[in-house]
Each structure stands twice: as structure tokens, then as C-alpha cells.
Amino acid sequence: MKLCVNRICSILLATFYAIWFAPIAQAYSFDMIVPDVRQPAALSGGSACPVRAHQLSSTGSIAVRWSTALNSNPVTILTQNQTASGRLTEIEQGIAQSLAVWSGVSGTTLVPATFAPLSRTATQTACGPDGVNSICFDQADMAFTPGVLAFTRVITTDRLGVQVGSSAVSTQLGQILDADIYFNPSDSNTAYATPLALAANPKAYDLESLLTHELGHFLGFSHSAVWSAIMFPFAPTPGTFSGMRPTAQQPDAPLGDDDRTGLRVLYPDPVDAVHQGSIRGRIFPANPIALPASPPGVTGVFGAQVVAVDAATGAVAGATFGGWSCVSPGPAQFDGTYEIDALAVGHSYTVYAETLNGVVDPSQITNAINSLCRNVMTDPGWPPLQGCVVPAANISFTARTRPGP
Amino acid sequence: MSFVQRRRFLWILFLAGLALLAVAANATTLSSLRFEELVNQATAVARLRCIGVESRWQDGEIWTETRFETVEVNKGLLPGVVSVRMLGGSVGNLHSRIEGVPAFRPGEEAYIFLWGHEGEPFRVLGWSQGTFRIDRDPRTGVERVTQDSAADPVFDPRTRQFRHGGIRNLPVAVFQLKLQKALEEKTP
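None of the values given here were measured: they were computed from a predicted structure. (Residues numbered from 1 in each chain as written. Chains lettered and ligands numbered in written order. Predicted model: local features only at pLDDT ≥ 70, side-chain atom pairs only at ≥ 80, totals over all residues.)

Structural notes on the confidence of the model for chain A
The following threshold applies: pLDDT runs from 0 to 100 and stands for how confident the predictor is about each residue. Residues are treated as contacting if the C-beta atoms built from their backbones sit within 7 Å of each other.
Confidence along chain A averages 85 in pLDDT terms, with 85% of residues attaining 70 or more. Below a pLDDT of 50 lies the segment residues 1-26 of chain A, which in the model reaches 32 contacts outside its immediate sequence neighbourhood of four places, other chains included.

This is how it looks when you write it as C-alpha cells:
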């Protein structure tokens, strides 16, 4: 009887968790690239399995410069120090600190030495596909419209031997060749404040929070649906900042565990003995008829966010956008598979799946979804056997779990 | 996890949920545009059907030009075929990506809030905020409208409050009424 009550309570709690978790606990995702298998295997790897967009992470491999051209009418970047040189120093400190947030995560190959020293340029139009990663605060761009604060444009390649401008020639599939961060320079209603200036400018956005988020895109992240993650698609309200400010003891303090796990997946350190845990499984609908008839071959739920919660702390340790797998030579199979990697060993995790119909919906991770497949319609001459079509994300299932063994 | 631990965990989640509602948020790359602001600021509003997508290098960047057949014009003057240019796309072996830029597939229909200066190609106003996709239920034929950014809690800088707004699964007829009302009330 006690067992039965416990089971009923468990089911009720699981349902309650599902309802309550839905808006707060989903997952990081990555910008994916399907290698161009029309190229010789020596250039494409011969596999149509999606690969993650990423920067090279060897010492000094990531160079970033920022444009010191700042809008003066209106002033969009607010600093505490009002002298010309003091303003630039304060902004540069903010950029350096945002970079250090990401390189401060343990268990990755992205370390402080990965970044070349931050450099400046006086060129107002420094951002562009020139192979130089740039941050621009006063460069007008045809992409801006009212309502757009900032964005990161990332150029990746799907084959080896490609370069953009003066970028390095690609030696890895999915290598990011150029990434530029644009802040809207011309919205008179919007300003961004450095950490030192934020308290005095409560209507301004926290420059460091936005920069750290944009640098996540710069490194290959798409959005996360974990609300405490820096890659959550919403920044803090003006006058406030994400998470905690970085400190010397914890330079990655603004990040959530989901960001850290994502970074460890994206830039794994082979000698990291702590974050070697993986959880893998598949998600099926209770009724197979619920699977979409088109495109053919869908055998599991696609589009679920599968979340691993640390059973001891309740923190979202990591998560993934589940529902597909791929074995060389590809293409991706939509079989309901998920895999959450880079979890700390020696912990217990509660795993559950949920639909993308809460705070984040499929349209917000379009890149992560649409970039899983290529086919003869999207790419003329694509080998049919390595082509696929991404099914619509399933946003209507209800998660129930079977009891463990 | 014991029952007591689960219950405690649930309460923590409950409180966290309340805290989340209290924490104001805004899209990292986007600032809030209310529906009425979208209507006001749009150069044109129309129901469009995507008929072609092409990416190419232009002005030093990869841009994607999406051509639409005009189905219905709700605001502004539009020709029978409208071109919208958005940053990003794929050319050759290079892929330019920007989170939040709406992408369309041929055959897809949407109400799109267009924005642009004279002599320039149209852009989608507020990116995901100005994109209202139309889904047709294959069984009933009922069309529903969902805004790309419908799930975003958005911050209104004037009231300094957040709201969970957006349009999600709204029948087309209801959406049209809402649009018509906003057009009639729009600021001159």
C-alpha cells in the first residue's frame, strides 16, 4: 500500500514537475552545420552528420578586436569615467571580463590563453566578413530595425580549406571563420551601461550581460531555455545584470550550469576527469500513430528538451535538444535519441523530457533545428542517400516516464 | 530522492517560478514592440506567401532575399511580389547565421510587418516579433496565426513591467480583427 501511495505521489509530482519545469528548465543548443558531402571526403569528411559550429581553441587562436568608434548623439555606451581615455578603458575592461567569463569555465580547452590580447581599432565599420572577429558599437547595419538591440553574425564553413578574408584556412568542419557582434547604434531609446555605470543608469541595459550572451553565440552556442543560463534568450531588465558578477575566484559566475555544461560539450578537455558523465536514451510517443507521417522515417519524438537535474541540488546540470542521432555517413535519423554529455561523475541526476512550448519555442532555436539536414532541394546535387528533411518539432506530447529498474 | 526531499524540491521550484515571474526580462537582441507599436512602426503589413528564397553576397555580407507573393495588404502599398532582405544565409561553403532572424520556406504563409526606407529592400520589423506565421489544420482547414516571438516575456520600458504577450494559435479571423482595430487606432 505504501509502495502504491508512493508511486501515485511520484506520478503526481512528476506531472507537477513537468508543469513547473516547463517554463524554466530547458537546454542549451548549438549552431550546427552539415558538412558538404558533395565535396571529396578529404574535404568534407564524407559524413552528412551535423557538426557543431565552433572556434579553434588552441593557444592564441581566437583574436578579438573592438571598435573604439562610439555614438555620441545619442550616447549609447554609458561609462562611469567620463574622460575619453577612461571611457575606452572602462569599456575594454567590460569586454575583457566578458571573455574571461567563458574562458574561466573549468574542464574545457577554452582557457584565457586561447584568446589573443584584445585589440582596438578606430575604424567605425570594423565589423564585416573579413576574417577578423570584431565588436562594433557604432556601426550602422542594414539588418537593424526598431526593436533590435544587438546581434552576433557568425560565419562557419562546411568543408576544409576555406577562408574568409584574412581568417585562418579551415582545418576543422564547422570551424567559425568570422564572428562579429553589432550593437544598435541609433536607437535613441536604448543605452548600454558598463558595470560601473549601471547603478547610475537604471534604464540602461547591462553591457556585460549582453556581451557575455553575444560571446556565447560567438563561440557556437544557440539559445538555451534554462532561465538561469546566460544563453537564455532574454537579458535582465534594464538596470540589472544576469547571474552574479564575475570575481577573481569565480570568473564564470554569470553563467549557469547549463552554459558550463554546454561549453564543456563544445570544447571538451580530454584530461578533465570530472565531467565525463553521459546520459543517453530515446523518447517515444505512447502511441506510435502520433508520429508524423511526413517526412518519412521519423521513429521517435523530435524536438524534446531533455534535461538532467542534479538530484542533490535541484540545479539543471545540463540538457540537450533531443530527438535525433547520426551515424556516419549520415544523414541524421529522427529516432528520439538524446544524449547529455559532460556531466560531473559521482552525482545522481533526474532526467525528464519536455516540449518546446514554454518560454522558448522552436522558432527561437531555428538554427539548431533547421541546420540538421540538407537535401537535393536545399542543395542541388546533394546525394539522396545522405539527404534528410527535418520534421516539425513535436510540441504537443506529454512526458511520462517509466519507473527505473 | 525521498518524498520529503521531492516535496522540498517542489517548493524550491515553486518559489523559483515566482521569482522568475518577478524578474523582468527582455530578449537579448530584441527590445519589446507591442502589437500596436508594430502596427504603428511598420511600413507595411501584409499576408504574404513565400515563393522563393535566395542567398547571395551583397554589400560585403551574405544576405537572404525572400520573395513573397502578396495575398492581402493590411497597411501600406505593396506590389504583387514583395522582396524582403535579411542578413545571413548560405552561399557556397559559407554559412552566415544570426539568431532571431526569421527564415521562410517556399509555400509558407505569414502576416509580416515590413519596415524599410524608401529605395531600400524591406526588412522584417523586429525580426521574430514582426513575423506571424499561419498554420492550417489539415483536418479542419482552420488557419491559426502564431507570432515567432509569442513565447517571449517582454519588457515595456515605459511601464517598466514585463508581460507575457504575443499571439499564439489565434484564428486568422480573430487576428484580422485585432489588426484592423490596431490600424484604426494607430497614431496618426
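Back to the text.
Considering the nonpolar core
Applied cut-off: Linking buried Ala, Val, Leu, Ile, Met, Phe, Trp, Tyr and Cys residues through C-beta atoms within 7 Å yields a set, and such a set is a nonpolar core. Counting other C-beta atoms within 10 Å of its own, a residue is labelled buried from 20 upward, exposed at 12 or fewer, and partly exposed in the gap between, with every C-beta atom placed from the backbone. Each domain's extent was defined by an automatic or database domain assignment.
The biggest cluster of nonpolar side chains holds 124 residues, and the ones touching the most others in it are Ala42, Phe113 and Leu114 of chain B. Here this core gathers at least three residues from each of two domains, domain 1 (21-29 + 273-386) and domain 2 (53-255) of chain A. Setting aside anything within four residues of it in sequence, one finds Leu114 of chain B in contact with Ala42, Thr43, Ala44, Val84, Phe122, Val124 and Leu125 of chain B.

Some details on the confidence of the model for chain B
Residues and elements named next belong to chain B. Per-residue confidence for chain B gives a mean pLDDT of 79, with 73% of residues at or over 70. For residues 9-28, every residue scores under 50 in pLDDT, and the model assigns this stretch 36 contacts once sequence neighbours within four places are set aside. For the stretch residues 152-164, pLDDT sits under 50, and the model shows 27 contacts to residues farther than four places along the chain or on other chains. ipTM for the predicted complex: 0.85, alongside a pTM of 0.84.

Topic: the environment of Gly297 of chain A
All names here are of chain A. Spelled out, the test is: Helix numbers and strand numbers start at the N terminus; a helix is a DSSP run of H or I with at least 4 residues, a strand a run of E with at least 2.
Turning to its location among the elements, Gly297 is positioned in the loop between strand E12 (277-282) and strand E13 (304-310). Look at Gly297 and you get partly exposed, because 13 C-beta atoms sit within 10 Å. Considering only alpha carbons, one finds Gly297 and Asp335, 38 residues apart in sequence, at a separation of 8.2 Å.

Side note on the domain arrangement of chain A
One frequently used descriptor of interface size is the decrease in accessible area upon assembly of the parts. Each assigned domain of chain A is listed here: domain 1 (21-29 + 273-386) and domain 2 (53-255). Centre-to-centre separation of domain 1 of chain A and domain 2 of chain A, based on C-alpha positions: 28 Å.

Some remarks on helix H5 (residues 207-219) of chain A
Residue and element names in this part refer to chain A. To be explicit about the condition: A helix is expected to reach a length of 1.5 Å times the quantity of its residues less one.
The end-to-end C-alpha distance of H5 is 18 Å, a good match for the 18 Å that 13 residues give at a rise of 1.5 Å each. When you tally the buried positions in H5, you get 13 out of 13 residues, the bulk of the element. A positive backbone phi angle near 120 degrees is found at Gly220, which sits one or two residues after H5.

What to know about the sheet that holds E13 of chain A
All names here are of chain A. This is how the line gets drawn: Should DSSP find at least two bridges between two strands, the strands are taken to pair. Only the stretch in contact is used when a helix axis is fitted, and all axes are lines through C-alpha atoms; the angle between N-to-C directions ranges over 0 to 180 degrees.
Sheet architecture is open: 3 strands sit in the order E14-E13-E16, paired in antiparallel fashion. Among the strands making up the open sheet, the edge pair consists of strand E14 (316-322) and strand E16 (349-354). Going from strand to strand, the sheet's axes swing by 20 degrees on average, the running direction of each strand aside. With 6 bridges connecting them, E13 and E16 associate as antiparallel partners. By the bridge assignment for E16, Val307 is matched with Tyr352.

Thoughts on the sheet that holds strand E9 (residues 192-193) of chain A
Residues and elements named next belong to chain A. One open sheet accounts for 3 strands, arranged E4-E9-E10; its pairing is parallel. A strand with exactly one partner marks an edge of an open sheet, and here the two such strands are strand E4 (77-78) and strand E10 (205-206). Where E9 lies against E10, 2 bridges are found, and the strand directions are parallel. Paired with Tyr192 across the bridge in E10 is Tyr205.

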